[in-house]
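# Remarks on the overall topology
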Amino acid sequence: MLGAVAVVAATWFVNQRRQQHAWNRVQQQALRYELPQLDALTHRDFEYAIRDLMRRDGCTDARQVGGSGDNGADVLATDPHGRVWVIQCKHRRAGDRGSAVGTPDLQRVNGTARQLYGADIVLVVTNGRFSSRCAPLAEQLHMHLADRRMLAAWAAGSRPLWELLPRVPGPRAGN
């Protein structure tokens, strides 16, 4: 009798976990943000929002790693094509009216992304804007920038970021 109760309880528990996992996946796929929502976040919550958008797009291992000693990485992820992403998040409370993201931020993440994390794609994303010197430097360093306009299209839409960014490397071999 006790064994039968244990089997029923275990079956119920496993079923509940499956249903919860399925519901979480549905919620994740429907995730959308508007710019005012992103502007209202704290820097740390902005990092979590970027992580969640990467998960929405199929990066099941996306994780927030930002904080003290993050070596320039706030979010790490592997996309469905096997490419490793290292993302530096720059949140501006005032959006594009705040200070521009400058080249030192690009240099910091570029100095560690490939060496420490094995990045295929290095991205700096902001809800604000980049200084005029960032785009040429990013091109030289083979980095990607996602400004407020790009972020809005990605966060409110249903296309993954790699379909919106120019010159994204192809899938890793075997993917």
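The following refers to the structure shown. Here the structure is a predicted model, which means the values were calculated and not measured.

Parameters at a glance
Residues numbered from 1 in each chain as written. Predicted model: local features only at pLDDT ≥ 70, side-chain atom pairs only at ≥ 80, totals over all residues. Heavy atoms only, no water. Helix = DSSP H or I, 4+ residues; strand = E, 2+ residues; numbered from the N terminus. Buried < 20%, exposed > 50% of the residue type's maximum accessible area, 1.4 Å probe, protein only. Contact = heavy atoms within 4.5 Å. Areas by Shrake-Rupley, 256 points an atom, 1.4 Å probe, with all protein chains shown as cover. Lys, Arg positive; Asp, Glu negative; His and termini not counted. Charge placed at Lys NZ, Arg CZ, Asp CG, Glu CD. Pairing = 2+ DSSP bridges. Phe/Tyr/Trp six-rings, centres within 6.5 Å; stacked < 30°, edge-to-face > 60°. Salt bridge = Lys/Arg side-chain N within 4 Å of Asp/Glu carboxyl O.

### Focus on the overall build of the protein chain
When helices and strands are tallied, the protein chain shows 7 helices and 5 strands. If you list the helices and strands of the protein chain from N to C, you get α-α-α-β-β-β-α-β-α-β-α-α. Put simply, the protein chain has 175 residues, and 45% of those count as buried. For the protein chain, long-range pairs separated by at least 24 residues make up 61% of all intrachain contacts whose partners lie at least 6 apart in sequence. For the protein chain, the exposed surface amounts to about 9600 Å²; the carbon and sulfur share of it is 53%. On the protein chain, the mean spot of the 23 positive side-chain charges and the mean spot of the 16 negative ones are 1 Å from each other.

### A few points about the environment of Thr11
Along the chain, Thr11 turns up in helix 1 (residues 2–29). Sequence spacing of Thr11 and Val101 is 90 residues, and the spatial spacing of their C-alpha atoms is 52 Å.

### What to know about the sheet that holds strand 4 (residues 121–126)
Spatial strand order, 1-2-3-4-5: 5 strands in an open sheet with mixed pairing. Edge positions in the sheet fall to strand 1 (63–64) and strand 5 (144–146), since each has one partner strand and no second. Of the strand pairs in this sheet, strand 2 (residues 75–78) and strand 3 (residues 84–90) are connected by 4 bridges, and their pairing is antiparallel. Counterpart to Leu76 in the pairing with strand 3 is Val86.

### Thoughts on the packing of aromatic side chains
The description of an aromatic ring pair uses the distance of the two centres, along with the angle that the planes make with each other. The tally for this structure, following the rule as stated, stands at 1 aromatic pair. On the numbers, 5.9 Å between centres and 55° between planes, the contact of Trp85 with Trp162 is tilted. Pair noted here: Trp85 is in strand 3 and Trp162 is in helix 7 (residues 161–164), with a separation of 77 residues, a long-range link. Judged on exposure class, the residue Trp85 and its partner Trp162 are both buried.

### Re the pattern of salt bridges
Inspection of every chain in the model, using the stated rule, returns 9 salt bridges. Residue Asp39 is joined to Arg148 by a salt bridge in which the shortest nitrogen-to-oxygen separation is 2.7 Å. Residue Asp39 is located in helix 2 (residues 35–39), and its partner Arg148 is located in helix 6 (residues 148–156); the two are separated by 109 residues in the primary sequence. Ionic pairing is found between Arg159 and Glu163, a salt bridge with its closest N-O pair at 3.4 Å. Look at Arg159 and you get partly exposed, because its relative accessible area is 43%. Glu163 gets classed as partly exposed once you look at its relative accessible area, which sits at 44%. Linked through salt bridges whose partners overlap, the residues forming this network are Lys90, Asp105 and Arg108.

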